[in-house]
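Observations on the three-dimensional arrangement
Read off the chains here:
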Amino acid sequence: MAPILKLENLTRYFAALAAVKDVSFEIEPGGLVGLIGPNGAGKTTLLSLVAGSLKPTSGKIEFEGRNLAGAKSFQAVRAGVARTHQIPKPFRTMTVRENVEVGLRFGRREKAAGATKKAEEFLDMVGIAALARRPAFLLSVGDLKRLELARALAARPTLLLCDEICSGLTETESGLILRLLCDIRRAGTTILYVEHNLRAIMSVCDPVIVMNYGQKLAEGPPTAVQNDPSVIEAYIGKKAMI
Amino acid sequence: MGQEAAVGVKDGGGNAGSSSVSRFVSVVAPLLLLASLAAVPLVGPGPNIVRLLFMTLTLVTASVGWNLIGGFAGQISFGFAVFYGLGAYTTALSINGGIPPAIAFLLGAVVAAVASLLIGLPTFRLKGPYFAIATIGVSEAVRVVMMNVPFTGGASGYRIIDKTRFVQSHHYYTALVLAALAVGISILVRRSKLGLALTAIREDQDAASDLGVNPFIAKLAVHALAAALAAAAGGVYARYSLFIDPDGVFAFRNGIAILLMPIIGGVGTIWGPVIGAFVYGLIHEEVVANFPQAHLLIFGSLLILIILFEPGGVMGLLQKFLRFVRARSSVGSHS
């Protein structure tokens, strides 16, 4: 099966600092792929490169056979790539429903008719339909994370990029979000899930990709990655291993 | 803008009493205002009052136009005197060339829309204060250029030879129709897909782009529409005054006035710019006449006070009042 996303030697420099360097990997359609790494590993930068929020310094981003390197984020969305943000970015004065309508009307299948009803379906999917008429600035962190997810899903992506969607959530809230990600995957959307919380990612993702200092450190099934000495070293240090 | 003001009356349910108040404010009051304004020349209040209202209505058009880009999209421009002036000069040249006034206004709007694209192409790549600063530069540059263009009379100004008989009420109704058209366009934009994109851009441009909005195109499109409205207002003014000069129509103070009116009334709302234009239009001449050396200081201070204490402007105050009425009637129905 042809990969849905193929990265080849993807590199991004900020001045002299290589935030992402020569990263290559492929994602199969329908996968729920985890991307982990310590702070500053370059996970969010890599996500931003795929989402079009940042331009790569060099390298290729092939999505469904099209080169997306250098595409702007709205072009990536229209091609079928949507993202959530680590720190939610709601349109604060809009209602929750209007927030989702932006994704619906500017994403891949834009139709004015029935947008309101459709927006409520997405809100229902993430469990915040009751808040549809509330202004987004009144939402709690947990609900803002769900709104991020609903907005991104409303854009009808084939590849969903989730950036630490469970950070700042309680164990119960995280569990609900993870179940939701599994449901979204079952419905046919491929997911690249960046997370700091190892337990969360190991429970739902296969395969898992590990990054450190901007480079790919390991890739494989969760258990193999978990036992990889280089991964253990990256997370807890050499001394601790000894 | 205050978040509560921007959210307006959408939040919460409300009872029958408060919804009838909302309906009055949003439907009946504007129709009453339009009917009253249409009746003014028939009542015969005197040419000076009609002139004052005529000027106010041209300000309404320019103010509503500015609000499309400044209020809905959050792109603060100090450069709308450019479009007002271009509209005035294009209309003046067209009328002197024998073109009917209605087409002359349209030509002015088209020229300004094209100019807005030329200005927007480089400046909309800038964000936040840099865009605002760039518009100041553009405004001053265009004024200086117009001071030195010989075929429009340079700094000496340009006289319009309008062969039609001067009837003040005709000018007044032209300004009224244009102002009503501007408000209609504003309502349509607000309810459209473009309006949704503009609000998203104002709130967070990067997040809007991450959901498929092309911010550059949306801003260019609404900037052109806004510029066309400001230019039409400038054209209507030019035809009335029969004489224009760069220090009059391209003056930086005009750009400030066009920006100040929506802020007084309530930036980013439909009726805020209209209310702001009436407040500004009706007091401006009195302030200038009584404080010729200090009127800019007075309007500048007013701007600071509004931003500090009531960013929602008059509409913000009105919405607070409506919420108060709703809360009172809700308490009454429960007791």
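Going along each chain's sequence as written, the residues are numbered from 1 onward. Think of it this way: whatever chain is written first is A, whatever ligand is written first is 1, and the rest follow in order. Two thresholds apply to this predicted model, a pLDDT of at least 70 for residue-level local features and 80 or more for giving and counting side-chain atom pairs, whereas whole-chain, interface and lining totals are computed over all residues.

**Observations regarding the overall build of chain B**
- Here a strand is any run of E in DSSP of at least two residues, a helix any run of H or I of at least four, and the numbering for each starts at the N terminus. Within chain B one finds 15 helices and 2 strands.
- Between the two quantities, the radius of gyration covers C-alpha atoms and the globule rule is 2.2 Å times the number of residues to the power 0.38. By the compact-globule yardstick of 20 Å for 335 residues, chain B fits well, its C-alpha radius of gyration being 20 Å.
- For chain B, the spread of C-alpha atoms along the principal axes amounts to about 75 × 55 × 40 Å.
- Comment: burial labels come from other C-beta atoms within 10 Å of the residue's own C-beta, placed from the backbone, where a count of 20 or more is buried, 12 or fewer is exposed, and between is partly exposed. Out of the 335 residues in chain B, the part that is buried amounts to 48%.
- We call two residues in contact whenever the C-beta atoms placed from their backbones are within 7 Å. In chain B, 79% of the contacts between residues at least 6 apart in sequence involve partners at least 24 apart.

**Considering the overall build of chain A**
- Secondary structure summary: chain A contains 10 helices and 10 strands in total.
- Across its three principal axes, chain A shows a C-alpha extent of roughly 55 × 40 × 35 Å.
- Going through the 242 residues of chain A one by one, you find that 51% of them count as buried.
- Across chain A, every contact between residues at least 6 apart in sequence was considered, and the portion connecting residues at least 24 apart equals 64%.

**Things to note about the interface of chain B and chain A**
- Residue-level contacts link 21 residues of chain B with 27 residues of chain A.
- Looking at the side of chain B that touches chain A, the elements that each hand over two or more residues are helix 1 (3–7), helix 8 (193–203) and helix 9 (205–209) of chain B.
- With 6 residues, the top contributor of residues to the side of chain B that touches chain A is helix 8 of chain B.
- Gly falls in the polar group here, along with every residue not listed as nonpolar (Ala, Val, Leu, Ile, Met, Phe, Trp, Tyr, Cys, Pro) or charged (Asp, Glu, Lys, Arg). When its residues are assigned to classes, the side of chain B that touches chain A shows 9 nonpolar, 5 polar and 7 charged.

**Quick look at the packing of helix 3 (residues 96–106) of chain A against helix 4 (residues 115–126) of chain A**
Residues and elements named next belong to chain A.
- In this description, a line fitted to the C-alpha atoms serves as the axis of each element, helices being fitted only across the stretch in contact, and the angle between N-to-C directions of two axes falls anywhere from 0 to 180 degrees. Contact pair helix 3 / helix 4: the axes reach a minimum separation of 9 Å and the direction vectors enclose 105°. Considered as vectors, helix 3 and helix 4 are oriented roughly perpendicular to each other. Residue-level inspection shows Val96, Arg97, Val100, Glu101, Leu104 and Arg105 of helix 3 in contact with helix 4, the latter providing Ala115, Thr116, Lys118, Ala119, Glu120, Phe122 and Leu123.
- For the contact of helix 3 with helix 4, the residue count by class is 7 nonpolar, 1 polar and 5 charged. Oblique is the label for any angle not under 35 degrees, not over 145, and not in the 65 to 115 range, which are roughly parallel, roughly antiparallel and roughly perpendicular in turn.

**Section: the pairing of strand 7 (residues 159–163) of chain A**
All names here are of chain A.
- Taken across its 5 residues, strand 7 has 5 buried, putting it largely inside the fold.
- Neither face of strand 7 is open: one carries Leu159, Leu161 and Asp163, the other Leu160 and Cys162, and all of them are buried.
- We treat two strands as partners when DSSP finds at least two bridges between them. Inspection of the sheet shows strand 6 (residues 81–83) paired to strand 7 by 3 bridges, in the parallel sense. Within strand 7, the position partnered with Arg83 by the bridge is Leu161.
- Summarising the sheet, strand 7 and strand 8 (residues 190–194) pair through 5 bridges and their orientation is parallel. Among the inter-strand pairings, Cys162 is bridged to a residue of strand 8, identified as Tyr193.

**Overview of the nonpolar core**
- If you look at the biggest cluster of nonpolar residues, it comprises 169 residues, and the most contacted ones within it are Tyr193 of chain A together with Tyr84, Ala112, Val222, Ala230 and Ala231 of chain B.
- Ranked by residues supplied to this core, first place goes to helix 10 (residues 215–241) of chain B with 17 residues.
- With sequence-adjacent residues up to four places away left out, Ala230 of chain B is seen in contact with Ala62, Gly65, Trp66, Phe80, Phe83, Tyr84, Gly87, Ala112 and Ile258 of chain B. Defined on buried residues, the nonpolar core groups Ala, Val, Leu, Ile, Met, Phe, Trp, Tyr and Cys residues joined through C-beta atoms within 7 Å.

**Let's talk about the confidence of the model for chain B**
All names here are of chain B.
- Here chain B averages 88 in pLDDT, while 92% of its residues score no lower than 70.
- Within the model, pLDDT remains below 50 along residues 1–14, and this stretch shows 33 contacts once partners closer than five positions in the same chain are excluded.
- Interface confidence in the predicted complex, given as ipTM, is 0.90; pTM for the same model is 0.88. pLDDT: the predictor's confidence for each residue, scored from 0 to 100.

**Digging into unusual backbone geometry**
Residues and elements named next belong to chain A.
- That bond from Asp206 to Pro207 is cis: its omega, 5°, falls within 30 degrees of zero.
- With respect to the helices, strands and loops of the structure, Pro207 is situated in the loop between helix 7 (198–204) and strand 9 (208–212).
- In this model, Asn9 sits at a positive phi of 45°, which is unusual for a non-glycine residue.
- You can see Asn9 is positioned in strand 1 (residues 5–14).
- Taking the number of C-beta atoms within 10 Å as the measure of exposure, Asn9 has 12 and is therefore exposed.
- At Arg156, a position not held by glycine, the phi torsion is positive, near 55°.
- As for its position among the elements, Arg156 is in the loop between helix 5 (141–154) and strand 7.

**Some points on the sheet that holds strand 9 of chain A**
All names here are of chain A.
- What the 6 strands build is an open sheet, ordered 6-7-8-3-9-10; its pairing is mixed. One side of each edge strand has no neighbouring strand; the edge strands of this open sheet are strand 6 and strand 10 (215–220). Strand-to-strand twist of the sheet, defined as the mean angle between neighbouring strand axes without regard to direction, takes the value 20°.
- With 5 bridges joining them, strand 9 and strand 10 adopt antiparallel strand pairing. For Val210, the partnering residue across the bridge sits in strand 10 and is Ala218.
- In this fold helix 1 (residues 43–51) packs onto strand 3 (32–36), strand 6, strand 7, strand 8 and strand 9, with an angle of close to 150° to the strand it touches most, strand 7.
- Helix-sheet contacts for helix 6 (residues 171–186) involve strand 3, strand 7 and strand 8, and the interaxial angle to strand 8 is about 150°.

**Some details on the sheet that holds strand 1 of chain A**
Residue and element names in this part refer to chain A.
- Ordered in space as 2-1-4-5, the 4 strands form an open sheet in which the pairing is antiparallel. Both outer strands of the open sheet, strand 2 (17–27) and strand 5 (66–67), are each paired with one neighbouring strand and no more.
- Strand direction decides the pairing type here: strand 4 (residues 58–63) and strand 5, joined by 2 bridges, are antiparallel. Its bridge partner being in strand 5, Glu62 is matched across the sheet by Asn67.
- Where helix 1 meets the sheet, its contacts fall on strand 1, strand 2 and strand 4, and the angle it forms with strand 2 comes to roughly 65°.

**Re the environment of Arg66 of chain A**
Residues and elements named next belong to chain A.
- Its location among the elements puts Arg66 in strand 5.
- Its 10 C-beta neighbours within 10 Å are what place Arg66 among the exposed residues.
- Separated by 54 residues in the primary sequence, Arg66 and Arg12 have C-alpha atoms spaced 20 Å apart.

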